[in-house]
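Remarks on the overall topology
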Amino acid sequence: MAAVLKKRALAEYTQVIEEQPRPVKKLRLVRKASSSNSTILYVGLLERQKTSNDALQVLLRISDSLQFQEDDFLDIIKKLQEHFRREKESAVRVKILSLFVDIGSEAGADVQLLLEETQQMLKEETSHKVIVQGVTTLLRLGKLLHDNVQVHIKLVLATKQYLKDTSQAVKSRCLELIGELLPVSDSSHSGLTQSMLRLIGDYTHSQDARVRAASFKTMINLHNRGLKLDSTIYSEVCSSLKDDYEIVRLAALRLICVLGNTYPENIVVLPDSEGEQLRLVDDAFAKICSSVTDLSLRVRTIACQLLGTMTQVSPKFLEQTLDKKLMSNMRMKRSAHERALEVVRSGEWSSGKKWADDAPRQKLDADSISLVTSGSCGAFVHGLEDEFLEVRSAAVDALCLLSLDNPRFAVMSLDFLVDMFNDEIEDVRIKAIDSLTKISKHIVLRDDQLETVLAALEDFSMDVREGLHKMLAACRLSTNSCLQMCVEALLDNLKKYPQDRRSLWRCFQRIGSVHPELTLPIVPTLLNIHPFFDMPEHDVEDPAYICILILVFNAAQQCSTMLQLFEENTLKHYSYLRDTMPHLVPVLKLGVNVRAQELASVETNTSQFMEQIFSQLEAAPNTTLRAELMEAAQRDLSRLATIDSAVSGAAEFTALFIGSQLLMEQVLSNRLWSNPASLATQQGNIIRTTITTLLQNCLKLQHMFMGLGSVELAAVKQFKLKALALQLVYIVTGSNSSALSLCDHFLLQVEETQKYLTDESVNAETFTSLLFKEMALLEETKPGPVARSVLKLLQTSSLAPPPHPNTSVHMLSAVINEPQGDADSAYKFTAGMVIGIPLDADIRNLRDTSIVRVKLKYPDQQTVLIIPRTSDLRRMDRDDASDSNGTEECSCFRLLTTVLVSHQVWSEAMHVDISLALDVSEAEGGLGVPSTARKVAAQSQRDPCVIDICKPVKVFVSPRPIKRGI
C-alpha cells in the first residue's frame with residue numbers, strides 16, 4: 001500500500017502541464033463620466049421632502065448640477081409643476097420658476113412647452129414675488145426664441161393683464177418684458193405696437209415713481225431696438241423733469257435726449273410765450289441744461305453726459321452754455337433800455353395823481369420767476385464748478401465732445417478747460433488736459449492762457465506733467481514770446497523732474513516741427529550764438545541742451561534758412577544725435593552729410609539675402625556641410641538683426657531656431673547623454689545645462705515673438721517635443737528624481753501638438769510622426785516605458801529644415817529707463833525693512849501682460865520674481881510707439897511701478913540687479929523648477945520657465961543695521 005501511494009505521489013509531482021499562451025491584456029484608462037440623470041434623481045427626491053426648506057435645498061442642488069437627457073425632459077417638468085402647485089412657500093415657487101430658465105437654456109429643451117407651463121402656473125398665483133419671477137422667466141425664455149414673432153406677441157398680450165396688478169414690481173417687470181419682446185420691425189403688427197405704446201404712455205402718469213421710470217425706460221428700449229417714437233410725447237416727458245423722484249427725472253432726461261437727436265428739426269412752441277417757436281433739439285438741449293443745477297448728484301452727472309451727445313444743437317444755444325447772463329427760460333426778452341424807449345415814444349409818463357399808474361402792464365406769475373440761471377445759460381459753468389468730481393468730470397467730457405466738430409465753440413471753451421488745470425482732483429486735471437489735447441487743432445494759445453498751462457508743470461503727478469507735454473506738443477502758439485516762455489518752462493520742468501526727459505524730448509520734437517517760423521528768430525538765443533565772439537561749446541550729453549537741439553533740428557527741417565545759422569560744433573552734435581536718436585532727429589539737407597543721406601536712401605536687399613541663405617541650406621549635399629552652413633547662417637542672421645530693423649524679428653527668430661537645432665545636434669552626437677554611468681560625471685552636468693538651455697530657447701521661440709504663422713508655430717512645437725523627449729530620457733536614465741510630472745507634461749504636449757497639426761493641416765516632421773505612432777502603440781504611460789520608446793527615436797533623428805523667414809514676425813524687447821545703472825549714490829534703508837525703487841520701462845511686442853515679472857537678483861545669488869499690478873502696465877500712445885519697428889500700438893506697454901527691495905545687513909553697499917522677465921510656469925506646468933522654489937531660487941537651480949527680456953540694471957543698495965536704543 002505504501003508503494004502504491006509513493007508511486008501515485010511521484011506521478012502527481014512529475015506530471016507536466018502545458019498551458020496555452022494567453023493574449024496580453026491592455027490597460028485602458030477611462031475617465032468616469034458624470035451621471036447625466038442627476039437632475040431626474042434630484043427631482044424625484046422632491047416628493048419625499050417634508051419641509052419647504054428641505055425642498056429648497058434640493059432645488060439648489062438641481063441648479064448646481066443641471067444635466068438631463070431629452071427623454072427625461074417631460075418628466076422633470078411635470079414633477080416640478082406638481083410640486084409648484086402643492087407648495088405653500090413662495091420662495092420655493094420662485095426657485096422653481098427660475099429653474100425653468102436654466103432648463104430652457106440647456107440643449108434639447110422645449111422652450112415653447114416651458115413658456116406654456118409657466119403661463120399655466122401663473123394663472124392662479126397670488127404672490128407678487130412669484131408673479132415677478134414668472135414674468136422674468138417668460139422674458140428670458142422669450143429671448144431664447146428671438147426669431148419667433150408669434151410667441152413674442154402671445155407673451156406681450158399675456159403680460160398685459162398683469163399690468164393691472166397692485167404691486168409696482170410686477171408692473172415694472174411687465175413693462176420691461178414689453179420693451180424687450182414687442183415686435184418693432186414687422187409692419188403687419190403696427191396696430192398692436194401703437195396700442196402698446198399708448199398703454200406705456202398711460203403708465204408715465206402712474207402713482208408709483210418706479211412704474212413711471214420703468215415706462216420711460218421701456219420707451220428708450222423700444223427706440224434702441226429700432227422703433228421710431230412719436231414726437232408728440234415730448235411735452236409730457238418734459239413735464240416729468242419736475243418730478244419729485246430722482247429715478248423718474250433720470251429716465252425722462254434720457255428720453256428727451258433721444259427725442260432731440262431723433263427729431264432735431266421739429267418745431268415746438270414754447271409755453272407761456274407769444275407763439276415763440278424753437279427747434280426741438282434746441283429746446284431739448286435747454287431742458288437738459290436746466291438739469292445741470294438739479295439737487296441730485298446722479299441727475300447732474302447724467303445731464304452733463306447727455307449734453308455731449310447733442311451735436312446738432314444750434315450755435316447760439318451752444319455758446320450760451322458758457323455765459324451766465326440771466327434769461328427767462330430761453331424766451332426773447334427786451335432789455336430795460338428798449339422798454340424805456342417804448343415808454344418815451346408813447347408819451348405816457350407817471351403823473352403821481354393815480355394810484356399805481358406806473359405799474360407794469362404785463363402781469364407775471366410769481367411761480368414763473370426764477371432768480372437762478374435757466375435754460376442753457378451757464379450750464380457748463382455750473383457743471384465745471386460743481387462740488388462733486390463726477391459732475392466736473394462729465395462736464396469736461398461733454399465740453400470736449402461738443403468742441404471737436406465746432407471750432408468756434410472750441411475757442412470759447414478754451415479758457416474754461418485751462419481753468420480746470422487747477423482742479424483739486426488729479427483725475428479731473430488729467431481729463432481736462434486730454435480734452436484740450438483732442439481739440440488742439442481748433443485753438444491757438446495766448447500768453448495769458450499759456451501761463452496758466454505752464455504753471456501746472458510743477459504738479460507732482462507724473463501723469464499730469466506728461467499729459468501737459470502731449471498737450472503742448474499738439475497745440476499751436478501765437479507769438480515768439482509764447483514759444484520762449486514755453487521753452488523756459490519746459491527746461492525748468494526738466495531740471496526739477498529729470499525723469500521726464502524722454503517725454504520732454506518728444507514734446508520739443510513736435511513743437512519744433514509745428515512752429516518753424518516762431519523758432520527761427522530765437523535760434524541765436526537758444527544755441528547761444530554770438531555774431532562776433534566764440535561762445536563756449538555745450539555739452540552734448542546735457543539733457544537740456546539735447547532738448548534745445550531737438551527743437552531746433554525739427555524746426556530746421558521745415559525752414560531751410562535756419563541751416564545757415566548753425567555753427568560747426570552744432571553740425572557735429574547733429575551727426576551724433578542723428579545716430580543715437582534717429583526717431584527724434586530728422587534728416588537735414590546738409591552739405592557735410594550728403595554722402596550719409598545717399599547711403600541712407602539706398603534700398604536694402606535683406607529679404608533676398610535671407611532667401612539666399614535658406615536656398616543654400618536646402619541645397620546642402622550632406623549633413624556635415626549642412627551643419628557648417630547652419631552655423632554660418634546663424635552668425636549672419638544675428639548680425640543682420642542688428643543692422644536692419646525691418647527684418648530684425650524674422651532674423652532673430654530664425655537665428656535662435658537654427659542655434660537651438662545645432663545645440664540639439666551637439667547633444668545627440670555625444671553618446672554620453674544616454675549612458676547612465678557617464679551622466680554622473682562632470683560631462684553629465686554639461687549635458688544637463690545644455691538641455692535646460694534648449695528648453696528655454698523653445699520657450700523663447702514660443703512666447704517672445706509676435707506674428708508667427710501656423711508653419712512657424714508648428715516647427716516650434718515639434719522642436720519643443722524633441723527637447724522634452726531629450727529631457728525625459730536624461731531624467732529617467734541619469735538621475736534618481738521623479739519623472740512622473742515631466743512624463744505627464746510630455747504626453748500632454750504630444751496630444752496638443754498632434755491636435756494643432758491636424759487643425760492647421762501642417763505636415764509633421766519625420767521624428768514627430770514616428771513619435772505619434774510610438775505613443776499610440778504604448779501600453780502603459782509610466783516614465784520608464786515612455787523614455788525607452790523615445791530613446792530609439794532620438795538616436796536615429798536628424799536635423800529638420802528651419803521654417804522660411806516671415807518678415808511680419810517681431811521680437812519682444814524691453815528697455816529699463818529708470819533707474820539708471822550709472823548712479824553712484826546708494827539706496828539706504830534699515831535691514832529687514834523695505835525700500836521702494838521707482839521703475840520705468842518700455843515693453844514692445846508684448847502679447848500677454850499677465851506673465852511679465854520684475855526680477856531681482858541679490859549679491860548672494862538669491863532671485864526674486866515680483867508680479868506688477870495690472871494698473872502699472874499702461875498702453876503706449878501712437879506717438880510714443882512710433883519707433884517700435886512698425887508694430888501694432890496695442891502691443892507696446894509702459895511699466896511704471898515701484899520695486900520693493902529688502903534684505904538683511906551687509907558689510908558694505910552692493911549691487912542688486914533689476915531686470916524684466918517672463919514667467920511661463922503656469923502654461924508649462926510640468927516643466928522647470930517647482931513652485932515652492934520659484935520665488936527664491938539659487939543660481940545652480942536655473943528655471944527654464946523664467947525668460948529674461950532685457951539687460952539687468954545694477955542699483956547700489958546698502959541695508960544698515962538697526963540702531964538700538966539705550
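Here, every reference points to the structure presented above.
Residues numbered from 1 in each chain as written. Predicted model: local features only at pLDDT ≥ 70, side-chain atom pairs only at ≥ 80, totals over all residues. Heavy atoms only, no water.

Concerning the overall build of the protein chain
Counting its regular elements, the protein chain contains 39 helices and 16 strands. Looking at the protein chain as a whole, 47% of its 966 residues qualify as buried. Within the protein chain, residue pairs in contact and separated by at least 24 positions form 73% of the contacts whose partners lie at least 6 positions apart. For the protein chain, the accessible area works out to roughly 52100 Å², and carbon and sulfur atoms hold 51% of it. (Helix = DSSP H or I, 4+ residues; strand = E, 2+ residues; numbered from the N terminus. Buried < 20%, exposed > 50% of the residue type's maximum accessible area, 1.4 Å probe, protein only. Contact = heavy atoms within 4.5 Å. Areas by Shrake-Rupley, 256 points an atom, 1.4 Å probe, with all protein chains shown as cover.)

Comments concerning a negative patch on the surface
A cluster of acidic side chains, namely Glu 537, Asp 539, Glu 541 and Asp 542, defines a negative patch on the protein surface. Along the chain, the position of Asp 539 falls in the loop between α27 (523–527) and α28 (543–558). On the accessibility criterion, Asp 539 (49% relative accessible area) is partly exposed. (Patch = residues over 30% accessible without salt bridge, like charges linked within 9 Å, V, L, I, M, F, W, Y side chains within 5 Å. Salt bridge = Lys/Arg side-chain N within 4 Å of Asp/Glu carboxyl O. Lys, Arg positive; Asp, Glu negative; His and termini not counted. Charge placed at Lys NZ, Arg CZ, Asp CG, Glu CD.)

Focus on the packing of aromatic side chains
Summed over all chains, the structure comprises six aromatic pairs. Taken together, a centroid distance of 6.3 Å and an interplanar angle of 50° make the contact between Phe 380 and Phe 409 tilted. In this pair, Phe 380 is assigned in helix α18 (residues 379–384) and Phe 409 in helix α20 (residues 407–419), connecting sequence segments 29 residues apart. On the accessibility criterion, Phe 380 (1% relative accessible area) is buried. (Phe/Tyr/Trp six-rings, centres within 6.5 Å; stacked < 30°, edge-to-face > 60°.)

Digging into helix α38 (residues 783–795)
An ideal rise of 1.5 Å per residue puts 18 Å on 13 residues; α38 measures up with 18 Å between its terminal C-alpha atoms. Pro 783, Pro 785, Val 786, Ala 787, Ser 789, Val 790, Leu 791, Leu 793 and Leu 794 are the residues of α38 that are buried. Those residues of α38 that are buried are in contact with α33 (648–669), α35 (710–734), α36 (740–760) and α37 (766–777). (Expected span 1.5 Å × (residues − 1).)

Describing the nonpolar core
Grouped together as the largest cluster of nonpolar side chains are 177 residues, with contacts concentrated most on Leu 80, Ile 103 and Leu 472. With eleven residues, the single largest contributor to this core is α28. If near-sequence neighbours (up to four positions away) are discounted, Ile 103 is found in contact with Leu 66, Phe 68, Phe 73, Ile 76, Ile 77, Leu 80, Ala 109 and Leu 114. (Core = buried A, V, L, I, M, F, W, Y, C linked by side-chain atoms within 4.5 Å.)

Observations regarding helix α23 (residues 462–474)
The end-to-end C-alpha separation of α23 is 18 Å, in line with the 18 Å expected for 13 residues at 1.5 Å each. The inward-facing, buried residues of α23 contact α21 (426–438), β3 (444–445), α22 (447–455), α24 (480–496), α25 (501–514) and β13 (893–901). The opening residue of α23, the one whose side-chain oxygen lies 3.4 Å from the backbone nitrogen of Asp 463, is Ser 461. (Polar contact = N/O pair within 3.5 Å; in protein donor to acceptor, adjacent residues only side chain to side chain.)

What to know about the side chain of His 903
Considering the arrangement of structural elements, one finds His 903 in the loop between β13 and β14 (910–919). Within the structure, His 903 has its side chain in polar contact with the side chain of Asp 860 (distance 3.1 Å). A distance of 2.9 Å separates the side chain of His 903 from the side chain of Trp 906, its partner in a polar contact. Setting aside residues no more than four positions away along its own chain, His 903 makes contact with Phe 829, Ala 831, Gly 832, Met 833, Tyr 858, Asp 860, Gln 862 and Pro 959.

Comments concerning the sheet that holds strand β12 (residues 873–875)
Across a sheet, strands are paired by hydrogen bonds formed along the backbone, either parallel or antiparallel in direction. Taking strand neighbours across the sheet as the criterion, the four strands line up as β7-β9-β13-β12 in an open arrangement whose pairing is antiparallel. Looking along the sheet, the strands with just one partner apiece sit at the ends: β7 (813–818) and β12. Each adjacent strand pair in this sheet contributes to an overall mean axis angle of 25°, direction not counted. Where β12 meets β13, three bridges bridge the pair, whose relative direction is antiparallel. Bridge pairing in β13 links Arg 874 to Arg 894. Sitting on the sheet, α25 is in contact with β7, β9 (835–844) and β13, with an inclination near 100° to β7. (Pairing = 2+ DSSP bridges. Axes fitted to C-alpha atoms, helices over the stretch in contact; angles between N-to-C directions.)

Considering unusual backbone geometry
That bond from Glu 818 to Pro 819 is cis: its omega, 0°, falls within 30 degrees of zero. Position of Pro 819 relative to the elements: it lies in the loop between β7 and β8 (827–830). The backbone of Ser 761 shows a phi angle near 55°, a positive value even though the residue is not glycine. The backbone phi angle of Gln 861 is positive, close to 65°, even though this residue is not glycine. With respect to the element layout, Gln 861 can be found in the loop between β10 (852–857) and β11 (863–866).

Quick word on the state of the cysteines
Disulfide: a covalent bond formed between the sulfur atoms of two cysteine residues. Across all of its chains, the model carries zero disulfides by this definition. Sulfur of Cys 304: no disulfide; nearest cysteine sulfur belongs to Cys 289 and is 8.7 Å away. Left unpaired, Cys 486 is separated from the closest cysteine sulfur, that of Cys 507, by 6.0 Å. Among the residues examined, Cys 486 registers a relative accessible area of 1% and is labelled buried. (Disulfide = S-S within 2.5 Å.)

Some thoughts on the environment of Leu 97
Take Leu 97: it is sitting in helix α5 (residues 90–105). As a C-alpha pair, Leu 97 and Leu 122 span 25 residues in sequence and 9.9 Å in three-dimensional space. Setting aside chain neighbours within four positions, we find Leu 97 in contact with Phe 84, Thr 118, Met 121, Leu 122, Val 130, Gln 133, Gly 134 and Thr 137.

Some words on the packing of α37 against α38
Two elements in contact, α37 and α38, have axes whose closest approach is 10 Å; the angle formed by their N-to-C orientations is 155°. One finds that α37 runs roughly antiparallel with respect to α38. α37 and α38 meet at a crossing whose hand is right-handed. For the pair α37 and α38, contact is made by Phe 767, Leu 770, Leu 771, Glu 774 and Met 775 and by Val 786, Ser 789, Val 790, Leu 793 and Leu 794, respectively. Of the residues in the contact of α37 with α38, the class split is eight nonpolar, one polar and one charged. (Parallel < 35°, antiparallel > 145°, perpendicular 65-115°, else oblique. Left-handed = near helix turned anticlockwise from the far one by under 90°. Nonpolar A, V, L, I, M, F, W, Y, C, P; charged D, E, K, R; others polar.)

Overview of the pattern of salt bridges
Scanning all chains against the criterion turns up 31 salt bridges. One salt bridge in this structure joins Arg 279 and Glu 265, with 2.9 Å as the shortest N-O distance. Here the residue Arg 279 occupies a position in strand β2 (residues 277–279), and Glu 265 occupies one in the loop between α13 (246–262) and β1 (267–269), the gap between them amounting to 14 residues. In this structure Arg 279 comes out as buried when scored by relative accessible area, which is 17%. The exposed category is assigned to Glu 265, whose relative accessible area is 54%. The closest approach of N and O atoms between Arg 392 and Asp 423, which form a salt bridge, is 2.8 Å. Taken as a pair, Arg 392 in helix α19 (residues 389–404) and Asp 423 in the loop between α20 and α21 lie far apart in primary sequence, 31 residues in all. Taking the relative accessible area as the measure of exposure, Asp 423 reaches 12% and is therefore buried. Each of Glu 466, Arg 502, Asp 840, Asp 842 and Arg 894 takes part in one network of salt bridges that share partners.

As for the pairing of strand β16 (residues 953–960)
Strand direction decides the pairing type here: β8 and β16, joined by four bridges, are parallel. Directly across from Lys 828, in β16, lies its bridge partner Ser 958. Where β14 lies against β16, five bridges are found, and the strand directions are antiparallel. Paired with His 911 across the bridge in β16 is Phe 956.

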